[in-house]
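# Examining the three-dimensional arrangement
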Amino acid sequence: MVKVYRPSNLKEALEIISSEKCTLFAGGTDLMVKGKSWSGLEPSFDRPVVFISDLDELRKIKINEFFLTIGGACTFTRIIDNSQIPDFIKEAFIMIASPGIRNMATIGGNICNSSPAGDCLPLLYAMDASVVLESIYGRREVNIEDFILGPGKNVIGWNEILTEVRIPTKNFKIRAYRKVGTRKSTALSKVSFAGLAEIEGEELKDIRFAFGAVGPTVVRSRRIEKKIVEMVSEKKLEVGEIKKMYGSIIKPIDDQRSTANYRREVCLRFVENFLMSCKWR
Amino acid sequence: MEFNISQSVRREDVPDKIAGIAKYIGDYKFKDMLYARTLRSTEARAIIKNIVFPKLPDGYCIVDKGDVPGRNRVKIIDYDMPFFADGVVNYIGEPIALVVGKDKRVIESILSQIRVEYQRIEPILSVEDGLNAEKPIFGDNNCFSDYTISKGDMVSAKRRAKFVYEGEYETGYQEQFYLEPQGMIGVYEEGKVSIYGSIQCPYYVKNAVEECLGFEPYRVRIVQTTTGGGFGGKEDYPSLIGGQVACAALKTKKPVCLIFERNEDIEVTTKRHPSKIRLKSYIDENYRVLGMEGDIVLDAGAYSGLSSVVLQRAMFASAGVYNIENLVVRGRAVATNKVVSGAFRGFGAPQAFFAIEMHMEHIARELGIDPFEFKLSNILRQGDRSTTGGLYRDRILLPEMVNRVIKMSSLEEKKKAFKEKRKIGKLNGIGLSMFFHGGGFTGSGERDHIKGRVRLVKDDKGYVEILVSNVEMGQGAGTTLRKIAAKTLEVPLSKIIFNNPDTDRVPDSGPTVASRTTVIVGKLVQEASEKLKERWSEDRVEVEVQYKYPEGFYWDNDRFEGDAYTSYSWGVNAVEVEVDPTTCEVKINGVWAVFDIGSAIDERIVKGQIDGGIVQGLGYASIEVMEDRSGKIMQRKSTDYTIPTSMDVPEIKSELMCEPYGGGPFGAKALGELTLVGAAPAYALAIEDALGVKINKIPVRPEHLMEVVQNGK
């Protein structure tokens with residue numbers, strides 16, 4: 001029998017996890033699969049479980065002129081249904097799994113699961129999102145790229161809860177999100193892609209690309225993004241050159257869902273299509 | 001009671017299924033029931049040197065080859081597959097033993113402590129290696145079957161030919177993915193073994209268990225429990241696990257339950273045979289296909305199972321719906337150290353029709369002629385002969401069906417419009433396939449092996465029970481058979497009873513396979529009903545009828561000559577796709593179908609079969625990828641082996657045309673398998689149309705299309 005806690009507020013939850021090592025259970029859509037056992041047996045959890053999906057503190061969505069703040073236990077459905085969140089952010093969540101899973105799965109859970117194929121991650125990387133981690137000792141904010149270290153690995157401490165995701169509310173005129181899955185619904189990604197660009201007149205101010213499911217973590221390169229801005233400002237954008245640069249850092253693998261060649265080629269084509277669609281030329 | 005046989009009625013099995021009160025095998029809890037889990041080979045090919053078991057707690061035991069009182073070989077067609085590995089293992093996942101006991105956690109702990117010491121043997125992992133095997137798995141040439149069929153005069157056809165075209169076509173594995181995984185419970189009481197389970201063929205399991213235990217027939221009873229889908233996957237495999245739970249029940253004297261987990265089921269149970277088919281056609285100056293040479297190689301996996309008959313069906317369908325008068329086709333089912341290939345809806349035909357439909361299209365393209373004209377000018381007509389020289393006795397409606405599908409799908413207008421769209425980078429395409437399916441067992445199976453018997457019992461209140469060994473597994477058989485009886489007897493449907501078969505009560509009317517339940521068993525139900533009607537005034541009546549091979553047909557099973565089937569159903573499918581130019585993902589924009597299944601016994605059930613079969617066929621053609629690495633299947637989870645969801649397929653527009661079969665009930669013909677057969681070639685042809693590339697292999701993966709596009713058209 002696994003011991004479970006159902007704290008009634010965030011403070012209580014933080015106290016529980018400060019006194020013993022627990023597994024935080026937000027939506028459970030990944031945990032229940034990981035802990036799956038022979039049907040008829042309880043799912044296997046090696047530590048006490050703390051249910052945090054009902055904590056009000058973790059279910060808020062706030063937006064101001066600087067940040068969109070999404071509580072860690074907000075389900076994908078809650079995010080999709082929120083009227084304040086811009087559509088292009090919602091798009092990444094609409095493509096995830098199936099309605100049943102979207103009703104349960106949470107943004108905090110998806111980030112803490114830290115799968116390279118996590119579907120909301122490329123957009124969060126591209127948006128320069130950060131996560132807020134709280135413990136009884138206080139709170140800290142970590143950039144998403146610093147938070148996730150590798151498949152299933154991140155920097156959260158045993159006594160911390162991911163309470164908020166903070167997304168700078170910068171407006172991008174051009175944006176693209178693509179998920180290539182094994183099928184149209186209830187599918188894991190072969191590749192996911194987020195592209196954002198800010199253009200003023202003919203000037204490219206900012207451009208960002210992030211790629212999911214093509215490496216141990218989401219791939220993003222500020223160096224190449226800077227290079228693109230430079231090239232455009234000098235009116236010497238060489239798409240082939242940019243593709244070559246991305247080609248050297250996108251190193252996917254062959255696995256049971258797709259091939260390395262396909263994943264890489266699709267990423268490069270997304271970059272090319274995105275660059276070709278921008279109107280500074 | 002007058003009603004139109006085709007008009008849909010409410011299915012009796014459905015309310016309980018929707019309400020969740022139907023009892024599946026996992027819902028049965030017998031007193032003192034034990035659970036079993038399987039110790040499986042982790043090697044593709046090895047000699048078992050030794051097995052070290054941990055000390056077992058009280059009430060737990062191992063069941064293995066030493067616990068098989070009869071013959072440790074599963075009777076399917078031959079006897080090659082052991083119930084429990086007998087010193088050697090031939091595929092990853094092959095059962096070695098069961099761990100049996102009360103607590104699942106303890107069973108898992110015991111399993112994790114068992115050490116099997118293997119002496120590895122170089123495995124055969126491809127059909128190419130299998131055809132040149134130094135150490136064959138089976139016989140001298142490593143083929144479970146090696147057949148040749150021929151007709152006409154190939155030498156003359158070659159001499160007269162002006163064009164020759166050769167192509168090779170490849171198809172992959174397909175997993176049945178029934179919603180309910182495999183499961184059986186064995187019970188031993190007073191010298192008798194009863195097996196409850198999710199099965200298609202109660203008497204197959206019965207025969208296998210009798211031989212396994214060495215029991216007389218009266219000491220083995222099989223009861224079908226509500227079955228959540230089969231698609232062929234519960235034709236052969238339940239005989240294996242039925243024997244296993246029988247041995248376990250006999251040893252423990254307690255009920256023993258063996259139910260597979262989904263991932264286990266995906267990995268170790270039978271699948272559709274992967275195939276490689278080479279076709280070489282000889283064509284004259286009027287574009288008539290004079291002759292064809294074929295070479296069909298099926299990957300049978302480690303044991304023969306049903307491969308010989310799957311191979312026969314593939315060979316007999318090799319010329320598709322075309323009248324090719326001179327023909328030589330060789331077929332081989334090759335042994336490999338992989339999971340056993342078995343029965344799956346279509347049974348060899350989907351492979352053959354994919355090959356011939358692509359082949360015909362490629363010929364037309366090579367010759368620069370219109371593929372429809374080419375196909376229609378070679379199409380089978382009433383009075384033509386089949387690949388085995390059998391006569392097509394009934395009218396073949398294909399030309400009308402093709403015209404109807406062209407009209408329904410606006411195919412011609414679309415072809416033109418798509419050509420224009422391609423100029424602006426929009427990659428739409430449409431493809432059309434033509435196909436048939438022979439109803440019932442191949443060759444003389446119904447006459448020589450099955451000899452199906454059907455019994456009807458009327459009680460003094462006027463209720464009639466249908467006693468057959470055929471099962472309702474979601475396809476609607478219970479309702480279909482009841483309607484046939486009610487209509488023939490002219491009584492209300494509510495007076496006709498159909499229960500899940502129990503071999504203590506039902507005669508052997510054969511297995512629920514080969515699209516035979518309506519056309520063969522349904523006909524027997526009709527005949528029995530006619531007999532019963534004559535004696536309706538009696539209080540309690542029991543009538544039994546047995547299958548009689550229809551007059552005028554002929555089959556020589558040694559030479560594979562004559563009527564391979566007594567009736568044929570026909571189909572035409574069109575599929576429209578859109579290929580994403582960036583990702584090569586394929587979206588299905590439309591599906592149209594016309595089938596000739598004779599008369600429909602229930603239009604809604606028929607529509608269910610059509611939609612389900614086409615979706616399953618589209619999955620086969622597209623996203624259902626299953627490959628092995630060193631004999632281990634890579635797509636072992638439902639997240640990786642994906643079948644289509646309702647989001648992946650648009651509404652399917654289908655119609656029926658009817659050329660009735662005199663030997664079927666109310667003129668009905670085969671339906672279940674036919675619906676799957678034509679989807680794959682129509683889909684692949686649509687992609688060819690969209691991209692202007694040649695497709696020779698299914699599933700058509702975006703990964704493959706990307707390579708083709710990268711390498712330049």
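Residues numbered from 1 in each chain as written. Chains lettered and ligands numbered in written order. Predicted model: local features only at pLDDT ≥ 70, side-chain atom pairs only at ≥ 80, totals over all residues. Heavy atoms only, no water.

## Quick notes on the nonpolar core
Ranked by internal contacts, the top residues of the largest apolar core, which has 178 residues, are Phe209, Phe211, Ile228, Ile242 and Tyr246 of chain A together with Trp570 and Tyr683 of chain B. Here the element with the most residues in this core is helix α9 (residues 349-367) of chain B; it accounts for 11 residues. Once you skip the residues sitting within four places of it in the chain, isoleucine 228 of chain A turns out to touch Leu204, Ile207, Phe209, Leu237, Ile242, Tyr246 and Leu275 of chain A. Cys61, Phe84, Ala302 and Val339 of chain B belong to the second-largest nonpolar core, a separate cluster that totals 48 residues. (Core = buried A, V, L, I, M, F, W, Y, C linked by side-chain atoms within 4.5 Å. Buried < 20%, exposed > 50% of the residue type's maximum accessible area, 1.4 Å probe, protein only. Helix = DSSP H or I, 4+ residues; strand = E, 2+ residues; numbered from the N terminus. Contact = heavy atoms within 4.5 Å.)

## Thoughts on the interface of chain A and chain B
Put simply, an interface is often sized by how much accessible area is lost when its parts join up. In this complex, chain A contributes 30 residues to the contact, which on the side of chain B involves 35 residues. Seen at the junction of chain A and chain B, the total is four salt bridges. Here chain A and chain B share 17 residue pairs in polar contact (both at pLDDT 80 or more) between them. Elements represented by at least two residues in the side of chain A that touches chain B include exactly β11 (174-181) and α11 (260-277) of chain A. If one sorts the elements of the side of chain A that touches chain B by residue count, α11 of chain A sits on top with seven residues. Considering only residue class, the side of chain A that touches chain B consists of seven nonpolar, 12 polar and 11 charged. (Salt bridge = Lys/Arg side-chain N within 4 Å of Asp/Glu carboxyl O. Polar contact = N/O pair within 3.5 Å; in protein donor to acceptor, adjacent residues only side chain to side chain. Nonpolar A, V, L, I, M, F, W, Y, C, P; charged D, E, K, R; others polar.)

## Concerning the packing of α9 of chain B against helix α18 (residues 679-691) of chain B
All names here are of chain B. It is at 8 Å that the axes of α9 and α18 come closest, and there the two elements cross at 30°. Judged on the interaxial angle alone, α18 and α9 are roughly parallel. In this structure, α9 meets α18 at a crossing whose hand is right-handed. Within the contact between the two elements, α9 uses Phe353, Phe354, Glu357, Met358, Glu361, His362 and Arg365 and α18 uses Ala680, Pro681, Ala684, Leu685 and Glu688. For the contact of α9 with α18, the residue count by class is seven nonpolar, one polar and four charged. (Axes fitted to C-alpha atoms, helices over the stretch in contact; angles between N-to-C directions. Parallel < 35°, antiparallel > 145°, perpendicular 65-115°, else oblique. Left-handed = near helix turned anticlockwise from the far one by under 90°.)

## With respect to the sheet that holds strand β10 (residues 161-168) of chain A
Residue and element names in this part refer to chain A. In spatial order, the strands read β4-β5-β10-β6-β7; together these five strands make up an open sheet with antiparallel pairing. Since the sheet does not close on itself, it has two edges, and those belong to β4 (61-63) and β7 (138-143), each with one partner. Going across the sheet, the axis of each strand differs from the next one's by a mean of 20°, ignoring polarity. Across the sheet, helix α1 (residues 10-19) touches β6 (130-135) and β10, and the angle it forms with β10 is around 120°. (Pairing = 2+ DSSP bridges.)

## Some thoughts on the sheet that holds strand β6 (residues 115-120) of chain B
All names here are of chain B. Reading across from one edge, β4-β2-β6 is the order of the three strands in this open sheet, with antiparallel pairing throughout. Of all the strands in the sheet, just β4 (88-89) and β6 have a single pairing partner and so form its edges. The sheet contact formed by strand β2 (residues 46-52) and β6 spans six bridges and is antiparallel. Residue pairing across strands places isoleucine 48 opposite tyrosine 118, the latter belonging to β6.

## Focus on the domain arrangement of chain B
Residue and element names in this part refer to chain B. Domain annotation of chain B identifies domain 1 (14-21 + 445-546), domain 2 (31-121 + 182-259) and domain 3 (363-441 + 566-711). One C-alpha centre belongs to domain 1, the other to domain 3; they are set 33 Å apart. Listed per partner, the contact involves 22 residues of domain 1 and 21 residues of domain 3. Of the roughly 1600 Å² buried between domain 1 and domain 3 on both sides combined, carbon and sulfur atoms contribute 66%. (Domains from an automatic or database assignment. Buried area = accessible area lost by both parts, 1.4 Å probe.)

## A look at unusual backbone geometry
Residues and elements named next belong to chain B. A cis amide bond links isoleucine 698 to the next residue, proline 699, at an omega of -5°. Mapped onto the secondary structure, proline 699 falls in the loop between α18 and α19 (702-710). With a phi close to 60°, aspartate 32 is a non-glycine residue in the positive phi region. One non-glycine residue, lysine 253, lies in positive phi territory at about 60°. Relative to the helices and strands, lysine 253 resides in the loop between α6 (237-252) and β12 (256-259).

## Focus on the UniProt feature "domain: Aldehyde oxidase/xanthine dehydrogenase a/b hammerhead" (unreviewed entry) in chain B
Per the UniProt record, "domain: Aldehyde oxidase/xanthine dehydrogenase a/b hammerhead" (unreviewed entry) is found at residues 19-122 of chain B. Counted over residues 19-122 of chain B, helix gives 11% and strand 31%. Its end C-alpha atoms are 52 Å apart. (UniProt positions renumbered as here; feature names shortened; annotations may be inferred.)

## Overview of the pattern of salt bridges
Residue and element names in this part refer to chain A. This model, assessed by the stated rule, comprises 76 salt bridges over all chains. In this structure, the salt-bridge partner of aspartate 128 is arginine 220, at a minimum N-O distance of 2.7 Å. Remark: arginine 220 occurs in the loop between β13 (203-212) and α9 (222-233) and aspartate 128 occurs in the loop between α7 (121-126) and β6; sequence separation between them is 92 residues. The exposure class assigned to aspartate 128 is partly exposed, which follows from its relative accessible area of 26%.

## Looking at helix α10 (residues 239-249) of chain A
If you check which residues of α10 of chain A are buried, you get Val239, Ile242, Lys243, Met245, Tyr246 and Gly247 of chain A. Contact partners of the buried residues in α10 of chain A: β13, α9 and α11 of chain A.

## A word on the packing of aromatic side chains
This model, assessed by the stated rule, comprises 29 aromatic pairs over all chains. Where phenylalanine 436 of chain B meets tryptophan 570 of chain B, the ring centres are 5.5 Å apart and the plane angle is 70°; that geometry is what we call edge-to-face. Here phenylalanine 436 of chain B is found in strand β16 (residues 427-438), whereas its partner tryptophan 570 of chain B is found in strand β23 (residues 568-579), with 134 residues between them in sequence. We note that phenylalanine 436 of chain B, like tryptophan 570 of chain B, is buried. Chaining the aromatic ring pairs together yields one cluster made of Phe193, Phe209, Phe211, Tyr246, Phe270 and Phe274 of chain A. Here the guanidinium or amino end of arginine 166 of chain A rests over the ring plane of phenylalanine 67 of chain A, the centre of that ring lying 4.1 Å away. The aromatic ring of phenylalanine 215 of chain B is capped on one face by arginine 219 of chain B, whose charged end is 3.6 Å from the ring centroid. (Phe/Tyr/Trp six-rings, centres within 6.5 Å; stacked < 30°, edge-to-face > 60°. Lys NZ or Arg CZ within 6 Å of the ring centre and 35° of its normal.)

## Focus on the domain arrangement of chain A
Residues and elements named next belong to chain A. For chain A, the assigned domains read domain 1 (4-168) and domain 2 (174-277). Each of domain 1 and domain 2 has a C-alpha centre, and the two are 26 Å apart. Between domain 1 and domain 2, the residue contacts involve 22 residues of the former and 21 residues of the latter. Both faces combined, the contact of domain 1 with domain 2 buries some 1900 Å², and carbon together with sulfur accounts for 60% of it. Connecting domain 1 to domain 2 are five salt bridges.

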